[in-house]
Amino acid sequence: MTAAARPSPEPGHAWVGSPIQRLEDHALLTGQGHFVDDLHLPGMLHACFVRSPHAHARIRGIDRQRALALPGVHAVLTWADLPEAARKRVPVLLPNPAIRDPLNYWVLAKDEVVYVGDPVAMVLAESRYIAEDAEALVEVDYEVLPAVSHALEALQPAAPRAHLSVQDNLAGKLNMAYGDVAAAFDPAQGAAHVVRETYWQNRGAAHAMEPRSYLARHDPATGELTYWKAGQAPHLDRKNIIELLDWNPEKVRVIHPDVGGGFGGKTIFYSEDGAVCAAAVLTGRPVKWIEDRREHFLTATQERDQWWEIELALDDQARIRGVRLVMTHDNGAYFPWGIITPYIAVTTVPGPYVVPAMDIDLRIVHTNKSPATPVRGAGRPQGVFAMERILDKAAQQLGLDRAELRRRNLVQPEQMPYSVGFIYRDGKPVRYDSGDYPACQASALAAIDWQGFAQRKAAARAEGRLLGIALANYVEGTGLGPFEGATVRVQQTGRVSIFTGASAQGQGHKTTLAQICADQLGIAISQIDVVLADTAGISMGIGTFASRIVVNAGSSTLLAARAVRSKLLALAAHELGVAAVSMGDAGLSGAVPGLEQALELVDGSVRLRADPQRGISFAALARIAQAMPGFAFPEGVSAGLEDTQYFSPAQSTYCNGTHAVELEVDPASGGIRILRYVVAHDSGKLINPLLVEGQVQGGVAHGLGNAWLEYMHYDAQSQPLTTTFADYLLPMATDVPRVEMIHLESPSPLNPLGAKGAGEGGTIPAAAVIVSAVEDALADQVADRLHFTTSPLLPQWIVQRLHA
Amino acid sequence: MNSPAVHAAGVTPNAPDMRRVSLRVNGKPYSAEVESRTTLVDFLRHSLLLTGTHVGCEHGVCGACTILIDGRSARSCLTLAVQVEGCDITTIEGLANADGSLSILQQALSEKHGLQCGFCTPGMLTTLSEFLRDHPAPSEQQVREAISGNLCRCTGYQGIVEAALLAASRIAADRP
């Protein structure tokens, strides 16, 4: 970390752009946070799920008598016990015509289970201990069916079907192309080199340290249903609850309190969401369910299993002419998040390079596994892995330096805005908004001393040590619309509140949004209360994913705070007798130049610039604006000191970056020691450098796990074999190096903050750069040509390859 | 799903085996009846309502539930409440200064952005409190090894490591 953190900006500096310590920290550091499992409601029942031990089976019967006989057991619910509306499948979010069989979760399995852990019944008891005792006493009679585990095998004609209802396992397909791909690959037209390879990336769950955590309360007297969730998209949760329980929308409230990490896995509305809400309605008692880690391994959505057959055509100057690929995406059993992940994966492939022609054949496959939905990076790590690896292979074939090959193909700054040729997931063309990709790559190479590496390698070699170096580039679509709103309100106490539908899982959104607001209202962030992710606080919202909150909620906060500033000025002008200025409708018009010259906002008051002794506090103004019965407002003043904005960006913003790594490989154990890790990145205007650096460092750690530690192993019957943290390895403090960062700031022209998004760039190219560097370290250790094609690249696989 | 022995045996458990436990938590005495199979972390969180200690894996790997038993770090998810009869327990709620202000280590974690979601933080704080007490002038590698039994998915650890080193230097400067 380079930023020196402070509780407030340096004198004379703005809050935005300063490395501010977080508002969130004090409570979390003293054990005063409010996570869902910290909430205790009177009469609360504890839930536990009876889950399928089989990857595919028909349910022939469920015997719950012994479970129900256990003292303390309140109910054992099955599909047939659910309210009628909840007996349908959970709606597919983001449906797409490319999906042939748009199947999604049942709230509880109806008559077929399609992955290990699929919930079959729900036990409700006075304590979690009793619920788990009872869970073991529920007897389910299964007819075990053949399961499909491997996505490529799933496409074979004789493969078992993942669902009884589907013709085959090809759940969807999509062809996308631009440019003249045939010509690009034609030697007669200049294709001097064609490079081919097949790559594979494995899946794993998000593994936030807090498991999924849900609590629902139904008040039969008022009909109000309140749902506390460790989630990422409160308004989407609310939408699903309304649909599944056929509930009055005005009587459903979803709250995400403190959430212990998300990384994508908590965005989804799962079976258990529906079951917990339905159980609260059916029993009339609050119902809590806390996932345990084994359940997270079995049932939380996972990502990254994809096979990429990719071909790259280059001209005789090593300039890219075209890319052709067939990508097979293991979608698991269901489509809770549409086909967003594979779609992002393939459209990320061109990255920072000029790729004149491209053809993509995307095959989306059902398997008997937990569904694939976005995990930090969301398809981009795979697309980048395929492209960066094939570029490495091309460099090897052409005898070119890997950095030089990339340099020749980068989009130049004067080409901005640059249209790639695809339509992105937001329905808009992929059009890079800003950035200097050559400068970014050059800065990373300079920082890691790319030129001096040969000497370091030779010196290490003399000591018997094997060093490798690598770089990888990415471009990341972020700041996805359509909107995320914010309300800014001056309270009668003089404090300021911000409400937004966006939830936070550790990013520090309260601090970031407060910084944006503080600059507009001339107050300290300690004077601001930020309420996140409460559907009662703001009527519409989307959620936290795709590194979109600063662009969307941040811009809305900025615009709403500006409007509130105008209202404060207009009302204060009236109260202080600042005359001769036409105020108009100050609340709608943004800045009011005349008033800005006469008045200033300082420490929660509006005062006269010419006579700072004369002023009026926010508290007094708020009380006036909230009005007294029977008094009329002066002309130009409207009710309340508040404003709501739903900023909607015209299209996604595009971040970019270069990762460079130097590492040492132990050929005996396959162990890796990272010597230096450099990230040069451009995520637009930085609101809080301290928090951005935290996102990058944490993102890299996640990517390192993907690169050589985390491996989710299923057997041929699709039975998960790695279901503890002792089998599935998350990066530890001894695995993750200090990341050296270079921030480039190309403001996005697409939002008033100039921001882009920083949540995932640390993860995206990490696997590509690590695997490339390992290959570089070991290139001369084998007789034939060495090219690693998988992520992860486990240490034992390295050793196996060296002895092959 | 991580059910105790009855799970494997598939038999109905007998009447709960209740025991009285008396202990001190963060200097305050408590005495309560608990079922003998109750884990210490469930006892702290759900009986004493000290919810600052978190449960991340329930199999002793992630370290979020780490507390101090008589000054030594332990996994409260792998410890039964009945095992700590007569013990002095320290949790995250007991780490701030007497006046409620943040301790040197807590303050350093905030300054170095050593926490994001805050879920692993209770285990990091207890582990590092013990470590810094026993290793007043640690190297970076020693800090990394000390917290290698505490998983964090958010921070990539760097802020935590820097905070521990900063806290060690400030504690040393405070020492007469």
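Just so you know, these numbers come straight off a predicted model, no measurement behind them.

Each helix and strand counted, chain A has 21 helices and 31 strands in total. In terms of overall size, chain A behaves like a compact globule, its C-alpha atoms giving a radius of gyration of 28 Å where 804 residues would be expected to give roughly 28 Å. Residue burial in chain A is summarised as follows: out of 804 residues, 60% are buried. Within chain A, contacts between residues separated by at least 24 positions form 81% of all contacts whose residues are at least 6 apart in sequence.

Here we come to the overall build of chain B. Counting its secondary structure elements, chain B contains 6 helices and 5 strands. Ordering the α and β elements of chain B from the N terminus gives α-β-β-α-β-β-β-α-α-α-α. By the compact-globule yardstick of 16 Å for 176 residues, chain B fits well, its C-alpha radius of gyration being 17 Å. Projected onto its principal axes, the C-alpha coordinates of chain B cover approximately 55 × 30 × 25 Å. In chain B, which comprises 176 residues, the share counted as buried stands at 52%.

Buried accessible area, meaning the area lost when the parts come together, often serves as the stated size of an interface. All names here are of chain A. For chain A, the domain assignment lists domain 1 (410-479 + 651-804) and domain 2 (482-645). Computed over C-alpha atoms, the centres of domain 1 and domain 2 are 41 Å apart. At the junction of the two partners, domain 1 supplies 16 residues and domain 2 supplies 16 residues. A per-class count over the side of domain 1 that touches domain 2 returns 6 nonpolar, 8 polar and 2 charged.

A word on the interface of chain A and chain B. Facing the 51 residues of chain A at the interface are 53 residues of chain B. When contributions to the side of chain A that touches chain B are tallied by element, the ones reaching two or more residues are α1 (25-29), α3 (128-135), α8 (293-299) and α19 (689-708) of chain A.

Residues and elements named next belong to chain B. You can read the domains of chain B as domain 1 (5-94) and domain 2 (104-174). Among the secondary structure elements, those contributing two or more residues to the side of domain 1 that touches domain 2 are β3 (66-69) and β4 (72-75). Ranked by residue count, the leading element in the side of domain 1 that touches domain 2 is β3, at 3 residues.

Residue and element names in this part refer to chain A. With mixed pairing, the 7 strands of this open sheet are ordered in space as β3-β5-β1-β13-β10-β11-β12. Looking at which strands have only one partner, the edges of the open sheet turn out to be β3 (73-77) and β12 (252-255). Pairwise comparison of adjacent strand axes, ignoring direction, gives a mean angle of 20° for this sheet. Each of β1 (45-51), β3 and β5 (119-125) is contacted by α3, which is oriented at about 25° to β1, the strand it contacts most.

All names here are of chain A. Counted at 1.5 Å a residue, the expected span for helix α7 (residues 271-283) with its 13 residues is 18 Å, and the 18 Å between its end C-alpha atoms agrees. Burial within α7 is extensive, with 10 of its 13 residues counted as buried. Among all positions in α7, only S271, E272, D273, G274, A275, V276, C277, A278, A279 and A280 are buried. Positive backbone phi, at 70°, marks G284, one or two positions downstream of α7.

On to the sheet that holds strand β29 (residues 671-682) of chain A. All names here are of chain A. Here we have 4 strands laid out as an open sheet, ordered β20-β28-β29-β30, and mixed in their pairing. Two strands close off the open sheet at either side, each with one partner strand: β20 (466-478) and β30 (739-744). Averaged over neighbouring strand pairs, the angle between their axes works out to 15° when direction is ignored. Note that β29 and β30 share 6 bridges and pair parallel. When the bridges of β30 are listed, V678 appears paired with E740.

Our focus in this paragraph is helix α6 (residues 158-174) of chain B. With 17 residues, α6(B) extends 24 Å from end C-alpha to end C-alpha; this agrees with the ideal 24 Å at 1.5 Å per step. Considering only its buried residues, α6(B) is in contact with α19 and β30 of chain A together with α3 (104-111), α4 (121-134) and α5 (140-146) of chain B.

All names here are of chain A. The biggest cluster of nonpolar side chains holds 302 residues, and the ones touching the most others in it are A47, L108, V123, C517, L621 and I770. Top contributing element to this core by residue count: helix α15 (residues 549-576), with 16 residues. With near-sequence residues (within four places) excluded, V123 lies in contact with A47, C48, V50, A67, V73, V76, A131, A134, E135 and V138.

Residue placement: B:K28 occurs in strand β2 (residues 28-35). Each C-alpha atom, one on B:K28 and one on B:G94, is 9.8 Å from the other, the two residues being 66 residues apart in sequence.

Residue and element names in this part refer to chain A. Position of N751 relative to the elements: it lies in the loop between β30 and α20 (766-778). Take N751: there are 26 C-beta atoms within 10 Å of it, and that puts it in the buried class. Remark: the alpha-carbon pair of N751 and Y437, spanning 314 residues in sequence, is separated by 21 Å. Residue contacts for N751: discarding those within four places in its chain leaves G479, V551, S555, F647 and P649.

This part is about the pairing of strand β16 (residues 320-330) of chain A. Residues and elements named next belong to chain A. Across the 11 residues of β16, 10 count as buried, placing the element largely inside the fold. Relative to β16, strand β15 (residues 306-314) runs antiparallel, the two being bridged by 9 bridges. Counterpart to W308 in the pairing with β16 is M327. Both β16 and strand β17 (residues 358-365) contribute to a ladder of 8 bridges, which runs parallel. Along β17, the bridge assignment pairs H329 with I364. Chirality of the crossover, the property in question, places the unit of β16, helix α9 (residues 340-347) and β17 among those that are right-handed.

Here we take up the environment of B:L165. Residues and elements named next belong to chain B. The residue L165 is located in helix α6 in this model. Its 19 C-beta neighbours within 10 Å are what place L165 among the partly exposed residues. When the C-alpha positions of L165 and L132 are compared, they lie 9.1 Å apart, and in sequence the two are 33 residues distant. Once residues within four sequence positions are removed from consideration, L165 is found in contact with E140 and V143.

Take the packing of helix α6 (residues 234-245) of chain A against α7(A) next. Residues and elements named next belong to chain A. The geometry of α6 relative to α7 is characterised by a closest axis approach of 10 Å and an angle of 55° between their N-to-C directions. By the angle class used here, α6 and α7 are oblique. As α6 packs across α7, the resulting crossing turns out to be right-handed. Residues D237, N240, I241, L244 and L245 of α6 pack against D273, G274, C277, A278 and V281 of α7.

Attention now goes to unusual backbone geometry. Residue A:P482 follows A:G481 across a cis peptide bond; omega there is 0°. Structurally, A:P482 can be placed in the loop between β20 and β21 (486-490). Going from A:S791 to A:P792, the amide bond is cis rather than trans, its omega being 10°. Topologically, A:P792 is positioned in the loop between β31 (790-791) and α21 (795-802). The residue A:D449 is not glycine, and still its phi comes out positive at about 55°. Assignment of secondary structure puts A:D449 in the loop between α12 (437-448) and α13 (453-462). Assessed through the 15 C-beta atoms surrounding it within 10 Å, A:D449 is described here as partly exposed. Of note in this structure, B:N26 is not a glycine but carries a positive phi near 50°.

All names here are of chain B. Of all residues in chain B, 92% have pLDDT values of 70 or greater, and the mean over the chain is 93. Note on residues 1-11: pLDDT is under 50 here. Beyond four places in sequence and across chains, it has 18 contacts. The ipTM assigned to the predicted complex is 0.95, against a pTM of 0.95.

Of the residues in chain A, 98% reach a pLDDT of 70 or more, and the chain-wide mean stands at 94. Below pLDDT 50 for its whole length, residues 580-590 of chain A participates in 25 contacts with residues either more than four positions away or in separate chains.

So, on to the packing of α15(A) against helix α18 (residues 618-626) of chain A. Residues and elements named next belong to chain A. At a closest axis distance of 10 Å, the pairing of α15 and α18 adopts a crossing angle of 90°. Taken together, α15 and α18 sit at an angle that is classed as roughly perpendicular. In contact with L568, L571, A572 and E575 of α15, α18 contributes F618, L621, I624 and A625. Partitioned by chemical class, the residues of the contact of α15 with α18 number 7 nonpolar, no polar and 1 charged.

Thresholds, definitions, all that
- Within each chain, residues carry numbers counting from 1 in the order of the written sequence.
- Naming scheme: in the order in which they are written, chains are lettered from A and ligands are numbered from 1.
- Local features in this predicted model are restricted to residues whose pLDDT is 70 or higher, and side-chain atom pairs enter the listing and the counts only when it is 80 or higher, whereas totals over whole chains, interfaces and linings include all residues.
- Each helix is a run of DSSP H or I of at least 4 residues and each strand a run of E of at least 2, with the numbering of both proceeding from the N terminus.
- Each radius of gyration is computed over the set of C-alpha atoms, and the globule rule expresses the reference value as 2.2 Å times the number of residues to the power 0.38.
- A residue is called partly exposed when the number of other C-beta atoms within 10 Å of its own lies between 12 and 20, exposed at 12 or fewer, and buried at 20 or more, with C-beta atoms placed from the backbone.
- Note on contacts: each residue gets a C-beta atom placed from the backbone, and two residues are in contact if those atoms are within 7 Å.
- Domain start and stop points were drawn from an automatic or database domain assignment.
- Only Asp, Glu, Lys and Arg are considered charged, only Ala, Val, Leu, Ile, Met, Phe, Trp, Tyr, Cys and Pro nonpolar, and every remaining residue, Gly among them, polar.
- A pair of strands counts as paired when DSSP detects no fewer than two bridges linking them.
- Only C-alpha atoms enter the line fits that serve as axes; for helices the fit covers just the stretch in contact. Angles between N-to-C directions range over 0 to 180 degrees.
- Each residue after the first adds 1.5 Å to the expected span of a helix.
- Under the definition applied here, buried Ala, Val, Leu, Ile, Met, Phe, Trp, Tyr and Cys residues are grouped into a nonpolar core through C-beta atoms within 7 Å.
- With strands facing away from the observer, any crossover in which the path from the first strand over the helix to the second runs clockwise is taken as right-handed.
- Any angle between 65 and 115 degrees counts as roughly perpendicular, while under 35 counts as roughly parallel, over 145 as roughly antiparallel, and the rest as oblique.
- If you view the pair so one helix is near and one far, a crossing is left-handed when the near helix is turned anticlockwise from the far one by less than a right angle, and right-handed when it is turned clockwise.
- In predicted models, pLDDT denotes the confidence assigned by the predictor to each residue on a 0 to 100 scale.

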